[in-house]
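Next come the chains, spelled out residue by residue.
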Amino acid sequence: MRAPSQGIRSFFEPKSIAVVGASTDSAKLASIIYSNLLENREKGVLKAPVYPVNPSHSSIGRNRCYPDVRSLPEVPELVVVAVPATLAVRLVGESAREGAKAAILISGGFAEAGRNDLEGEMLAAARAHGMRLLGPNTIGLVDKYSGVDTLFLKPTKRLGSGREVVSMLRPRRGGVAVISQSGHLGEVISEELAANHVGLRALVGTGNQLDVSVEDLIGHFGGDSRCSVIAVYLEGARDGRRFIREASRAAAAKPVIVFKLGKTKAGANAALTHTASLVGDLELYRAAFSKAGVVEADSLQSLVDYSVAFALLKPPAGRRLLVTTNAGGVGAIAADEAGRLGLRVPPLDWTARDAVKRCLTGLPLLSALKLGNPLDLTATVPTGPYVEATAAALASPGFDSAVVLPTHQTPAVDPDIAERMGAALKASGKPSCVSVMGRSPLAQMIQDGFLERGIPSFPTPERAVRALAALSSYSDSKPATVAAASEGTADRVSYLPKREGPLPPKVLEMLMSDYGIPSPRSVLVSPGGDAAEAGGLTFPVVCKLISRSLVHKSDRGGVILGIDDESGVASAVAKLRGLAAQLGVEWEGVLVQEMADQGVEVLLGSTRDPTFGPALAIGGGGKYAEVVRDTAVAIAPVGRREARRLILSTRLGRVLEGYRGEARGDITGLSRVVSDFSRILFENPSIGQVEVNPLIVSAKGVTAVDVRAVASGRRQASAPAAGIRGDIDAHP
């Protein structure tokens, strides 16, 4: 079987290229692509020969044009197809049979136009001969090192006056690989990087992802030594488990930054468990990014800003930020944003204060300065002392990074501030960002001056701080070595029912026991039985109506607490039998259960997502779980360390740590239970959802009080899960 990443190199470093559809009409897409490739070949960037293919022409310019791929002097390794969809299908088949290794399908009119049949036919033909497909409906790719460039956008446009203006910034050569599910936005990201003096390793538009996917490309660039940063515009992962696996491997070596569009809620109306309504697309994608060590950007602008910062700077050693400015307001804004994002803005120690004072000796307002952090030197400080004071403060071991906010409008600051401050920041060896505010030509000149010296410069202090926070987050979340594990394809336990629907109490009891999740002793009083069946339990007990037609029992009066003797059990059984008749639900008996010790109510649930498979949720439990919505989500399975991190990320975690002097809960025991629980769906594909609510956590331990689960009838897992990080650290 072909490895998913096999053949990707042929798109970027082909030994020969054919452009199907090139013509004498220079406005045609294929003609623009052919012209781009010829230009790169003439410059010596592209080494591969380029052949035009079009039966309507014998030559294009000074070059011979070939009627079909079979007529070429050699088999092209890469074929670029920009012809109508129905013709593209035939040409892909012919190219595959001739031995072409890869095809870029610029052509549209396929699945996005409702023609899935054409895509299926084309994919079958390509796979029969081992050819890879990028697209269809794609801008293709730009490789700044090999010279492959299939962008069909012209860099200039002619105005009505006849003057030609630049309409698109050409990308620089560098280390950022841009993978985009929108061709236009991919080009916009490339332009933004160029405007920030940051170079491109490659730009790839995935189009319809008929064959080559985002996951393939992350895997490819993860192992590419010329790529230092991977930036992804993501509308949706095709294979969530593989996305985590490839992103995790890549992020272990270099930053992977993702902006996910369309993070909408899903499954909010699922009725069986609270978990299904608490775990939506937004939570799942963020959980996937966290598991993989991906840096999440919350906007397209952030994706660009973070890419600039990662391309120019190394991650800081810690989260201690120095803010220097000559205008107090912007310094306060930066400090506020730093606090919101978890960066520390500690005061200068005495050594740093003395070093700063020495740089400011002789200035008239020195005695009035408050040498704090932010370090506000006021608008009267000249460029030289401002640069020296910033360098002296940043040299302190108490700071890991800096945001510098030079207000250039003041007469005291010279136009060469970028040259002088940039040199000092570079010499410090600590990552630093700058914010140059204003829209004047001088502001742009100073901003470009910093960028030319490898110092990220942003138009607002918030963006500068966010970029440094992203660098710090990568240091904190960089993934560990990827584990080798596989999601179950057959149930681990043998007693699960074959039919769909809620699992009966006896099965739930066995399931909890098999996964080491403590639960109170209980007895099921069958529909034809009587209260005497519960005689061996220790009072007090609780009685719960059992009916697959009744999901949330407590909402309908189906739970009776605090029963102290057998007569109370008999009375409760009779009452619940009557309730079942009143509600018109199926009567399947009563579960009599010993009451658990008092403690904190926790919701622990797992559901199966079509993209990411088993997912876990933990948070405050009880009947208000959906109202309070204090939930952390993770992709299952999780190890104990990850489980503990999830617990402590919620308000529930603060309670369990002993909020306001209350008794501490058994967080270690809860972490073990969460880790073991997370394997239930992962190892048993026929279970669709399982939830414990409440799970009682006290200082003594953890007890699963109420468990519900549903069998989906599904016996096979949807996606392999080899290499999911976190599933082998169950016993740290």
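Residues numbered from 1 in each chain as written. Predicted model: local features only at pLDDT ≥ 70, side-chain atom pairs only at ≥ 80, totals over all residues. Heavy atoms only, no water.

Along the protein chain, the regular secondary structure elements total 23 helices and 31 strands. In terms of principal-axis extent, the alpha carbons of the protein chain reach across some 100 × 85 × 45 Å. A burial count over the protein chain gives 55% of its 732 residues as buried. Partitioning the contacts of the protein chain with sequence separation of at least 6, the portion at a separation of at least 24 is 73%. Averaging the locations of the 83 positively and 74 negatively charged side chains of the protein chain gives two centres separated by 4 Å. (Helix = DSSP H or I, 4+ residues; strand = E, 2+ residues; numbered from the N terminus. Buried < 20%, exposed > 50% of the residue type's maximum accessible area, 1.4 Å probe, protein only. Contact = heavy atoms within 4.5 Å. Lys, Arg positive; Asp, Glu negative; His and termini not counted. Charge placed at Lys NZ, Arg CZ, Asp CG, Glu CD.)

Let us now look at the nonpolar core. Within the largest apolar cluster, 57 residues are counted, with the highest numbers of intra-cluster contacts made by Phe11, Phe12, Ile17, Phe221 and Phe243. Dropping the residues within four chain positions of it, phenylalanine 243 is found in contact with Val214, Glu215, Ile218, Leu234, Ala237, Val258 and Phe289. Within the second largest apolar cluster, 43 residues are counted, among which are Leu151, Ala297, Tyr306 and Val308. (Core = buried A, V, L, I, M, F, W, Y, C linked by side-chain atoms within 4.5 Å.)

Counting buried positions along strand β12 (residues 200–205) gives six out of six residues, so the element sits mostly inside the fold. Relative to β12, strand β8 (residues 141–143) runs antiparallel, the two sharing three bridges. Across the sheet, residue leucine 141 finds its bridge partner in β12, namely valine 204. Relative to β12, strand β11 (residues 173–180) runs parallel, the two sharing six bridges. Bridged to serine 180 within β12 is glycine 205. Crossover connection from β11 via helix α5 (residues 183–195) to parallel β12: handedness right-handed. (Pairing = 2+ DSSP bridges. Right-handed = clockwise from strand over helix to strand, strands pointing away.)

Interaxial distance between α5 and helix α10 (residues 300–312) falls to 10 Å at its minimum, and their mutual angle equals 45°. Relative to α10, the element α5 lies oblique. The hand of the α5/α10 crossing is right-handed. Of the residues in α10, those in contact with Leu185, Ile189, Glu192 and Leu193 of α5 are Leu300, Leu303, Val304, Ser307 and Val308. Each residue belonging to the contact of α5 with α10 can be placed in one class, and the counts come to seven nonpolar, one polar and one charged. (Axes fitted to C-alpha atoms, helices over the stretch in contact; angles between N-to-C directions. Parallel < 35°, antiparallel > 145°, perpendicular 65-115°, else oblique. Left-handed = near helix turned anticlockwise from the far one by under 90°. Nonpolar A, V, L, I, M, F, W, Y, C, P; charged D, E, K, R; others polar.)

What follows is about the confidence of the model for the protein chain. On average, the protein chain scores 89 in pLDDT, and the residues at 70 or more come to 91%. Long-range and interchain partners of residues 480–485, a stretch whose pLDDT sits below 50, account for 14 contacts in this model, where long-range means more than four residues apart. Low pLDDT (under 50) marks residues 716–732, which in the prediction has 59 contacts with non-local residues, meaning those over four places away or in another chain. (pLDDT = per-residue confidence, 0-100.)

Helix-helix packing: each pair is described by the crossing angle between the helix axes and the interaxial distance. Between helix α6 (residues 214–222) and helix α7 (residues 240–251), whose axes approach to 8 Å, the crossing angle comes to 15°. Here α6 lies roughly parallel to α7, going by the angle between them. When you trace α6 past α7, the crossing you get is left-handed. Contacts between α6 and α7 pair Val214, Glu215, Asp216, Ile218, Gly219 and Gly222 from the former with Arg242, Phe243, Glu246, Ala247 and Ala250 from the latter. For the contact of α6 with α7, the residue count by class is five nonpolar, two polar and four charged.

A sheet is described by the order of its strands in space; here six strands give the open sequence β8-β12-β11-β13-β14-β15, paired in mixed fashion. Strand pairing shows two members of the sheet lacking a second neighbour, β8 and β15 (295–297), which therefore form its edges. Direction aside, neighbouring strands of the sheet carry axes that sit 20° apart on average. The pairing of strand β14 (residues 256–260) with β15 spans three bridges and is parallel. Note that in β15 the partner of valine 258 across the bridge is glutamate 296. Packed on one face of the sheet, α7 meets β13 (229–234) and β14 and runs near 140° to β14.

Here we take up the packing of aromatic side chains. Ring pairs (aromatic) are described by centroid distance and by the angle formed between their planes. Scanning the entire structure with this criterion turns up seven aromatic pairs. Both rings, one in tyrosine 285 and one in phenylalanine 289, keep their centres 6.1 Å apart while their planes meet at 55°; by these two values the pair is tilted. Remark: phenylalanine 289 and tyrosine 285 occur in helix α9 (residues 281–292); sequence separation between them is four residues, near one turn of the helix. Both residues of the pair, tyrosine 285 and phenylalanine 289, belong to the buried class. Arranged with centres 5.7 Å apart and planes meeting at 90°, the rings of phenylalanine 310 and tyrosine 474 form a pair that is edge-to-face. Taken together, the residues span a long stretch of sequence, with phenylalanine 310 in helix α10 and tyrosine 474 in helix α16 (residues 461–477) at a distance of 164 residues. (Phe/Tyr/Trp six-rings, centres within 6.5 Å; stacked < 30°, edge-to-face > 60°.)

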